[in-house]
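Reading the structure
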Amino acid sequence: MDCPYQNECGGCLWRHVSNEAYQQNKIEQVKKILSELKCVQYHWNEPFFLEDGARRRASLAFKYKKGVLEFGFNKKQSNKIVDLQACLLLTPKINANLENIRHLVCELCAVKIPQRKKNKIIGYQNLSAGDVWITEADNGLDLVLEFDAELNLDYRMIISEEGNSASDIIRISHRRKADAKSETVLEKVKPYIDIAGYHVLIPAGTFLQAGKASETAMINLVKKYIGEDEGKIADLFCGVGTFSYPLSVNKNNQITAIDSSFELLEGFKQSVNANMIPNIKIITKNLFKYPLDEKELAEFDIIVFDPPRAGALAQVQKIVAAAKQPHKIVAVSCNPHSFVRDANILIEGGYHLQEITLIDQFSYSNHSELVALFTK
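Our subject in this report is the structure included herewith. Not measured: the values here are computed from a predicted model. (Residues numbered from 1 in each chain as written. Predicted model: local features only at pLDDT ≥ 70, side-chain atom pairs only at ≥ 80, totals over all residues. Heavy atoms only, no water.)

1. Describing the packing of aromatic side chains
Under the convention used in this document: Note on aromatic pairs: the rings of Phe, Tyr and Trp (six-membered ring only in Trp) are paired at centre separations within 6.5 Å, and the planes decide the class, stacked below 30 degrees, edge-to-face beyond 60, tilted for the rest. Helical segments are the DSSP runs of H or I of at least four residues, strand segments are the runs of E of at least two, and each set is numbered from the N terminus. Classification of residues uses two cut-offs on accessible area relative to the type maximum, computed with a 1.4 Å probe and protein chains only: under 20% is buried, over 50% is exposed, and between them is partly exposed.
A complete count under the given rule lists 6 aromatic pairs for this structure. With a centroid separation of 5.7 Å and 45 degrees between ring planes, the pair formed by Tyr-198 and Tyr-245 is classed as tilted. In this pair, Tyr-198 is assigned in strand 13 (residues 198-201) and Tyr-245 in helix 5 (residues 244-248), connecting sequence segments 47 residues apart. Neither residue differs from the other here; Tyr-198 and Tyr-245 are each classed as buried.

Dropping the structure here:
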């Protein structure tokens, strides 16, 4: 589908070609990377491609200068902004509220902040730039405003007024930089998503799979690859519990979910307690620095891992060195290059790569995700 911004926006590098050509190119691109695997006999499953109108989260930049607001995605290979009114990738609810979000940002940028020197006002300054992180939960939109300024009374009043006037926006938070903790300013109700029939509360600005449909595809693949097996399962780099919840439905499974984010796992624990799930145990642990050791690995029959782009190098090295190894590993990867590195370690360590599935949830980009099954 043609987009009016496709010649300048950096969000869709391949929008200018046909959908068929794009998908074929994506498959060839991933298979070329996978050619470095030390195993050629594996099943290539039918890829999943997320359709337009299904992206439930996005980060939009803004700049404000001389009373004019630019709000949208960055231009190709530039820090300049494509001022957009809607995006074909995003869900209808996000698109329907972009004007509300734009108005909120414009009102914030119009506030004149006094600049003081020796207790004297020497001038005024406006917000000049920032980002808005948008997530569509199942019950509304969750916004995180990211700009480097303290929230004064004017800002708080604008956020409250603008947020309450937009029925689809249910929470607005603020942080000064990307890795800072968010402060919730307005929360009408707690945002949640449904996973395996459970209401899962999500922290402000938390990581979610980009689309509900792609998340479901990944969950179904993890369940398919585990099959009839059951027992003690480690869900490593677990995030909000995307795979822990559906695996916990089988009460014969004991899930140990591990991640490094204390804030994220606190939300996970609240949801597990609220849903009264007895067979999920949650542990805070930095798996890059402190991967599960031989003694810890001996407890598990199956491992599921979904690491950041850097992959799970330290953990797979521990797995192949262990005397007792899990008989099945389901690897979810957002970086085919680090996947190949980690997969080759597992293959050389005695694991058989059985199947790989391409998940394309960042349409018209060079970004690809994989779900793979390894068995002893």
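Here the narrative resumes.
2. Remarks on the nonpolar core
The cut-off we apply is this: Only buried residues count toward a nonpolar core, which is a set of Ala, Val, Leu, Ile, Met, Phe, Trp, Tyr and Cys residues joined through side-chain atoms within 4.5 Å. We call two residues in contact when some of their heavy atoms are within 4.5 Å.
Grouped together as the largest cluster of nonpolar side chains are 79 residues, with contacts concentrated most on Phe-339 and Phe-374. At 7 residues, helix 2 (residues 92-109) tops the list of elements feeding residues into this core. Those residues in contact with Phe-374, other than ones at most four positions away along the chain, are His-327, Lys-328, Ile-329, Ala-331, Phe-339, Ala-343, Leu-346, Ile-347, Tyr-351, His-352 and Leu-353. Counting residues in hydrophobic clusters, the runner-up holds 36 residues, among them Leu-221, Ile-226, Cys-238 and Ile-359.

3. Concerning the environment of Gln-29
Relative to the elements of secondary structure, Gln-29 occurs in helix 1 (residues 19-34). Residue classification places Gln-29 among the partly exposed residues on the basis of a relative accessible area of 25%. Considered as a pair, Gln-29 and Ser-368 are 339 residues apart in the sequence and their alpha carbons are 9.3 Å apart. Apart from residues no more than four positions distant in its own chain, Gln-29 is found in contact with Asn-366 and Ser-368.

4. A closer look at empty space enclosed by the protein
Applicable threshold: The pocket and cavity definitions rest on a 1 Å grid over protein atoms only: a 1.4 Å probe that fits but cannot leave marks a cavity, an open set with protein on both sides within 12 Å along at least five of seven lines marks a pocket, and residues lining either have an atom within 4 Å of a point. Grid points are joined across faces, edges and corners, and a volume is the space filled by probe spheres set on the points. Following the grouping adopted for this structure description, the nonpolar residues are Ala, Val, Leu, Ile, Met, Phe, Trp, Tyr, Cys and Pro, the charged ones are Asp, Glu, Lys and Arg, and the polar ones are all others, Gly among them.
Counting across every chain of the model gives 2 cavities of 30 Å³ or more. The space that makes up the largest cavity amounts to roughly 80 Å³. What lines the largest cavity is simply Cys-3, Tyr-5, Gln-6, Cys-9, Cys-12, Arg-15, Phe-73, Leu-84, Ala-86, Cys-87 and Leu-88. For the lining of the largest cavity, the class distribution of residues is 9 nonpolar, 1 polar and 1 charged. Considered as a void within the structure, the second largest cavity measures approximately 60 Å³ in volume. Looking at the second largest cavity, it is lined by 13 residues, and the ones nearest its centre are Phe-305, Ala-331, Ser-333, Phe-339 and Asp-342.

5. Points about unusual backbone geometry
Positive phi values are uncommon outside glycine, yet Ala-196 reaches one of about 55 degrees. Among the structural elements, Ala-196 can be located in the loop between strand 12 (192-195) and strand 13. Even without being a glycine, Phe-237 presents a positive backbone phi close to 55 degrees.

6. Thoughts on the side chain of Asn-97
Quick reminder of the rule: Here a polar contact is recorded for every N or O atom pair within 3.5 Å, except that within protein the pair must consist of a potential hydrogen donor and a potential acceptor, and residues adjacent in sequence are included only if both atoms are side-chain atoms.
Position of Asn-97 among the secondary structure elements: in helix 2. On the accessibility criterion, Asn-97 (3% relative accessible area) is buried. A distance of 3.0 Å separates polar atoms of two side chains, one belonging to Asn-97 and the other to Asp-168. Excluding its chain neighbours within four sequence positions, the residues that come into contact with Asn-97 are Leu-141, Ala-166, Asp-168 and Ile-169.

7. A closer look at the pattern of salt bridges
Think of it this way: side chains of opposite charge can pair up when their charged atoms draw near. Let me state the cut-off plainly: One speaks of a salt bridge when a side-chain nitrogen belonging to Lys or Arg is within 4 Å of a carboxyl oxygen belonging to Asp or Glu.
According to the stated counting rule, one finds 20 salt bridges in the structure shown. Between Glu-348 and Lys-38 there is a salt bridge, and its shortest N-O distance comes to 2.5 Å. On the criterion of sequence distance, the pair formed by Glu-348 in helix 9 (residues 336-348) and Lys-38 in the loop between helix 1 and strand 1 (43-44) is long-range, its members being 310 residues apart. Accessibility classification places Glu-348 together with Lys-38 in one group, the exposed group. Linking Glu-146 and Arg-175 is a salt bridge whose minimum nitrogen-to-oxygen distance equals 3.0 Å. Here Glu-146, found in strand 9 (residues 140-146), pairs with Arg-175, found in strand 10 (residues 169-175); they are 29 residues apart in sequence, far enough to count as distant. Put simply, Arg-56, Asp-138, Lys-212 and Glu-215 are held in one network by salt bridges that share partners.

8. Overview of the layout of surface pockets
Computed from the structure, the second largest pocket encloses a volume of approximately 330 Å³. Lining the second largest pocket are 15 residues, with Arg-171, Pro-203, Ala-204, Glu-263 and Gln-270 sitting closest to its centre. Looking at the lining of the second largest pocket, the elements that each hand over two or more residues are strand 11 (183-187) and helix 6 (262-274). Ranked by residue count, the leading element in the lining of the second largest pocket is helix 6, at 4 residues. Of the residues belonging to the lining of the second largest pocket, the class tally is 5 nonpolar, 4 polar and 6 charged.

9. Topic: the sheet that holds strand 3 (residues 57-65)
Where we set the bar: Only when DSSP finds a minimum of two bridges between them are two strands counted as paired. For every element, the axis is a line fit to its C-alpha atoms; helices are fit only across the contacting stretch, and the angle between N-to-C directions ranges from 0 to 180 degrees.
Spatial strand order, 5-4-3-8-9-10-11: 7 strands in an open sheet with mixed pairing. Only two strands of the sheet have a single neighbouring strand rather than two, namely strand 5 (81-83) and strand 11. Each strand axis lies, on average, 30 degrees off the axis of its neighbour in the sheet, ignoring direction. In terms of strand pairing, strand 9 meets strand 10 through 6 bridges, oriented parallel. Considered in strand 10, the bridge of Glu-146 is made with Arg-175. Sheet strands in contact with helix 3 (residues 153-165) are strand 9, strand 10 and strand 11, and its direction is about 40 degrees off that of strand 11.

10. Things to note about the packing of helix 8 (residues 313-321) against helix 9
Going by this rule: Throughout this description, any angle smaller than 35 degrees is read as roughly parallel, any larger than 145 degrees as roughly antiparallel, any in the 65 to 115 degree range as roughly perpendicular, and the remainder as oblique.
Packing of helix 8 against helix 9 leaves a shortest axis separation of 9 Å and a crossing angle of 5 degrees. Considering their axes alone, helix 8 and helix 9 lie roughly parallel with respect to each other. Contacts between helix 8 and helix 9 involve Leu-313, Val-316, Gln-317, Ile-319 and Val-320 from the former and Arg-341, Asp-342, Ile-345 and Leu-346 from the latter. The residue makeup of the contact of helix 8 with helix 9, split by class, is 6 nonpolar, 1 polar and 2 charged.

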